[in-house]
Every structure is written in structure tokens, then in C-alpha cells.
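Okay, here's what each chain looks like letter by letter:
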Amino acid sequence: MVIESRNNPLVKKLIALRDKKFRREFGEYIVEGVKQIKEASAGGCKISAVVYAKSYKGELFSADSVYTVSDSVFEKISEEVSPQGILAVLKIPDTAVYAPQGKCLLLDGISDPGNLGTILRTANAFGYTDIYLNGCADPFSGKCIRAAMSGVFFVRIHIGAIEDILAALSGVPKICADMAGENVCTFQSLSKYCLVIGNEANGVSDFVRKVCEFTVKIPMRESCESLNAAVSAGILMYELLSDKINL
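Residues numbered from 1 in each chain as written. Predicted model: local features only at pLDDT ≥ 70, side-chain atom pairs only at ≥ 80, totals over all residues. Heavy atoms only, no water.

Asks: For this particular structure, what's the right way to read the nonpolar core?
Replies: In summary, soluble globular proteins display a tendency toward joint burial of nonpolar side chains. Membership of the largest hydrophobic core comes to 50 residues, with the highest contact counts inside it found for Leu105, Leu107, Leu120, Tyr128, Ile131 and Met237. What Leu107 contacts, discounting residues up to four positions off in sequence, is Leu116, Ile119, Ile131, Tyr132, Leu133, Asn134, Cys136 and Ile197. (Core = buried A, V, L, I, M, F, W, Y, C linked by side-chain atoms within 4.5 Å. Buried < 20%, exposed > 50% of the residue type's maximum accessible area, 1.4 Å probe, protein only. Contact = heavy atoms within 4.5 Å.)

Asks: Even after reading the chapter, I still don't get the packing of aromatic side chains, so can you show me in this structure?
Replies: Each pair of aromatic rings is reported with the distance of its centres and the angle of its planes. Counted according to the given criterion, the structure contains five aromatic pairs. On the basis of an interplanar angle of 25 degrees and a centroid distance of 5.3 Å, the ring pair of Tyr52 and Tyr56 is categorised as stacked. Exposure class is identical for Tyr52 and Tyr56. Each is buried. Ring plane angle 80 degrees and centroid distance 5.4 Å describe the contact between Phe187 and Phe214, whose orientation is recorded as edge-to-face. In this pair, Phe187 sits in the loop between strand E9 (174-183) and strand E10 (194-198) while Phe214 sits in strand E11 (residues 214-217), placing the two residues 27 residues apart along the sequence. For Phe187, a relative accessible area of 11% gives the class buried. The class of Phe214 is partly exposed, set by a relative accessible area of 31%. Sitting over the face of the ring of Phe26, Lys13 holds its NZ or CZ atom 5.0 Å from the ring centroid. The lysine or arginine in question, Lys103, covers the ring of Tyr128, its NZ or CZ lying 5.5 Å from the ring centre. (Phe/Tyr/Trp six-rings, centres within 6.5 Å; stacked < 30°, edge-to-face > 60°. Helix = DSSP H or I, 4+ residues; strand = E, 2+ residues; numbered from the N terminus. Lys NZ or Arg CZ within 6 Å of the ring centre and 35° of its normal.)

Asks: Would you mind going over the pairing of strand E8 (residues 156-159) with me for this structure?
Replies: For a regular strand, the rule is simple: side chains alternate between the two faces of the sheet. Here strand E7 (residues 130-134) pairs with E8 via four bridges, running parallel. Residue Asp130 lies in a different strand from E8, and its bridge partner there is Arg156. Handedness of the E7-helix H6 (residues 142-148)-E8 crossover: right-handed. (Pairing = 2+ DSSP bridges. Right-handed = clockwise from strand over helix to strand, strands pointing away.)

Asks: How do you make sense of the sheet that holds strand E5 (residues 86-91) when you look at a structure like this?
Replies: Strands pair in a sheet through their backbones, by hydrogen bonds, and they do so in one of two ways: parallel or antiparallel. The five strands are arranged E1-E4-E3-E5-E2 in an open sheet whose pairing can be described as mixed. Two strands close off the open sheet at either side, each with one partner strand: strand E1 (2-3) and strand E2 (28-32). Sitting on the sheet, helix H3 (residues 34-42) is in contact with E2, strand E3 (47-53) and E5, with an inclination near 30 degrees to E5. (Axes fitted to C-alpha atoms, helices over the stretch in contact; angles between N-to-C directions.)

Asks: Looking at this structure, how should I read a nonpolar patch on the surface?
Replies: On the surface, Leu227, Val231 and Ile235 cluster together to form a nonpolar patch covering roughly 200 Å² of accessible area. Take Val231: it is sitting in helix H9 (residues 229-239). On the basis of relative accessible area, Val231 is assigned to the partly exposed category, the value being 42%. (Patch = residues over 30% accessible without salt bridge, like charges linked within 9 Å, V, L, I, M, F, W, Y side chains within 5 Å. Areas by Shrake-Rupley, 256 points an atom, 1.4 Å probe, with all protein chains shown as cover. Salt bridge = Lys/Arg side-chain N within 4 Å of Asp/Glu carboxyl O.)

Asks: What's the story with the state of the cysteines in this structure? I'm lost.
Replies: Should the sulfur atoms of two cysteines be covalently bonded, the bond is a disulfide. Here the structure, examined in full by the defined rule, presents zero disulfides. Summary of cysteine pairing: Cys176 is not part of a disulfide, and the nearest cysteine sulfur, belonging to Cys212, is at 4.7 Å. (Disulfide = S-S within 2.5 Å.)

Asks: Where do I start with the layout of surface pockets in this structure?
Replies: There is about 450 Å³ of room inside the largest pocket. In terms of lining, the largest pocket is formed by 22 residues, of which the most central are Ala177, Gly203, Ser226, Leu227 and Ser232. For the lining of the largest pocket, the elements supplying multiple residues, two or more each, are E9, E10, E11 and H9. Residue composition of the lining of the largest pocket, grouped by class: 11 nonpolar, seven polar and four charged. Approximately 350 Å³ is the volume attributed to the second largest pocket. Only E2, H3, E5 and H6 provide two or more residues apiece to the lining of the second largest pocket. Take the lining of the second largest pocket: its biggest share by element is four residues, from E2. (1 Å grid on protein atoms, 1.4 Å probe; cavity = no way out; pocket = protein on both sides within 12 Å on 5 of 7 lines; lining within 4 Å. Points joined across faces, edges and corners; volume = space filled by probe spheres on them. Nonpolar A, V, L, I, M, F, W, Y, C, P; charged D, E, K, R; others polar.)

See the structure below:
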């Protein structure tokens, strides 16, 4: 059966999942396109439903539920400029706060979902597998998912009160990113640590800054006031690695 009505309950739910409130309510989020769905499956994500446009002729996927909708309905559901005709509904993973297994990130107030997604993508590339979010954008929004380019499927995201996050990070050296810090290029590498990246406009909050044992900066020309938060995070993540050869 092909769903052709935009008033269909499934269609209404998929549109509602664009909103953080409903993502939390249903415990689900959407990814679009064959590559993203493949990566989500490879990352062990639970696929609860797959939705195809009627004209879709590509690769098929298994899920608890499979639906076909008219092309016009799919365009209504999709947030892509050029929809591929396939999307999947994924279960939001456990985001409880617990201790990291290795080097990790604490993102303190990253408000732009594009920046957050880019940081998650880079964290996955460099092996920062535990990411703690304090007052950040929703990592399961469409914009963040697109920017993360599958990175969100291969890291562990922890969302909670800053007190709980800091308790989980007890005993883990925390390295604050700040222009008043030590040159990261000469900083002595650590085997286990938490890199702290602050808000795009205001940097790391005073509360979090006070619990950081180290502070590092990226050396740059005086004519450059600052770098984008995601760019800075990427540079620092790489420079702090103690073993760049065996990534």
C-alpha cells in the first residue's frame, strides 16, 4: 500500500520528528539517504522503520516496519534539498552519563548544530569515542546528523547535568581550549584526557574552566582573532594525540 495522504499518522509523526520535543517523546530520529542508513547499520543503530518514495529504485533495507509513500508525500517529509527517496527512523541510543573508556570531549555550550555535527565527525575520525554534552544543540537534529556525516553513529554521546558529567570525569585530566593557554604544539601529550571546547561566542564557562587542570591554545597570526569552534576542536583533537601514526 502506498501512503498518499499528508494527514496519515505516520506522515504526521515523521514531520514531528523534526522537532527536538518529539524526538525526545518518541525516542527516535531520522536519517536520510542510502549512505547514512548503511553507516547507521554498521554503527549498530536500531532501525525501527524505513520509508521509501514510490519512485525509489535503489537498495532496500530491512527494518521492523517498512512503508512506501507517494513522491509528493516523501518531499513533504524530507529535509533534503534533493531527496534520494529513502529515509530511516532510528532509535535514539542511551545517552546516560558514565565514565569514558579513553580520550574524550566535553562540549560546553556548543549551540550550532552544524558545528556540533562537524565536531562529532572529527571526533570519530581521531578516536575520541566518548562525547559529553553540556547545554549543547541536539545531536539528533537533521542538521547535526548531516554535518556529522555518520560520525554520530560511531561515538558514545553522554547528555546530562554538568555536575553529573564532571563526576563521571573524576580523575580524568581536563584540557581547556582557550587563547590564554599554553601552545598546544608544545604541550606534553597525555595518554588519557578530556578536551573541553566551549561555546562559539563565549568560550568555556567559568564553572567548567575552574575544574580544568590544563589550558591550551592554537598559535595563529595576530591578524586572526579566533577560529570557528569546530575548526578549533579539530586542530586541538589532532595535536593532542600521543600517537598520530596508528589512528
